[in-house]
Amino acid sequence: MGKKDQFQDKAEQWQEQAKQKAQQAKEQAQQRGQRRDEDTERMQQEEQDRFDQDYDA
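In what follows, the accompanying structure is described. (Residues numbered from 1 in each chain as written. Predicted model: local features only at pLDDT ≥ 70, side-chain atom pairs only at ≥ 80, totals over all residues. Heavy atoms only, no water.)

Re the overall build of the chain
- Each helix and strand counted, the chain has 1 helix and 0 strands in total.
- Its C-alpha radius of gyration of 25 Å places the chain more than 25% over the 10 Å reference for a compact globule of 57 residues.
- Viewed in the frame of its principal axes, the chain has a C-alpha envelope of about 85 × 10 × 5 Å.
- Put simply, the chain shows about 5,800 Å² of open surface, and 45% of that area lies on carbon and sulfur atoms.
- Averaging the positions of the 11 positive and the 15 negative side-chain charges in the chain gives two centres separated by 16 Å. (Helix = DSSP H or I, 4+ residues; strand = E, 2+ residues; numbered from the N terminus. Rg over C-alpha atoms; globule rule 2.2 N^0.38 Å. Areas by Shrake-Rupley, 256 points an atom, 1.4 Å probe, with all protein chains shown as cover. Lys, Arg positive; Asp, Glu negative; His and termini not counted. Charge placed at Lys NZ, Arg CZ, Asp CG, Glu CD.)

Below, the structure written as structure tokens:
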């Protein structure tokens, strides 16, 4: 195998690794966003429950 082939193979490996890392980062960002949405929804529900309790008393 010539040097040119070796360099080309290495470049293709790096490109594949970069794509995988980008995909992982995207998935992690989506998971963080989803957790944040769940936390926001839970906090809103707790606030609504406190509001309801204040007026029920």
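Next comes the rest of the description.
Points about the pattern of salt bridges
- Evaluation of the coordinates by the stated rule reveals 3 salt bridges.
- The salt bridge involving R42 is made with E46; its shortest N-O contact spans 3.4 Å. In this pair, R42 and E46 both sit in helix α1 (residues 3-56), 4 residues apart, roughly one turn of the helix.
- By relative accessible area, which is 35% here, E46 ends up partly exposed. (Salt bridge = Lys/Arg side-chain N within 4 Å of Asp/Glu carboxyl O. Buried < 20%, exposed > 50% of the residue type's maximum accessible area, 1.4 Å probe, protein only.)

Some remarks on the environment of K4
- Within the secondary structure layout, K4 lies in helix α1.
- The spacing of K4 and Q48 is 44 residues in sequence and 66 Å in space, taken between C-alpha atoms.

A short note on a negative patch on the surface
- Where like charges cluster on the molecular surface, the negative patch consists of D49, D52, D54 and D56.
- On the secondary structure map, D54 appears in helix α1.
- When its relative accessible area of 61% is taken as the criterion, D54 is described as exposed. (Patch = residues over 30% accessible without salt bridge, like charges linked within 9 Å, V, L, I, M, F, W, Y side chains within 5 Å.)

Describing the environment of F7
- Along the chain, F7 turns up in helix α1.
- Along the chain, F7 and D37 lie 30 residues apart, while their C-alpha atoms are 45 Å from each other.

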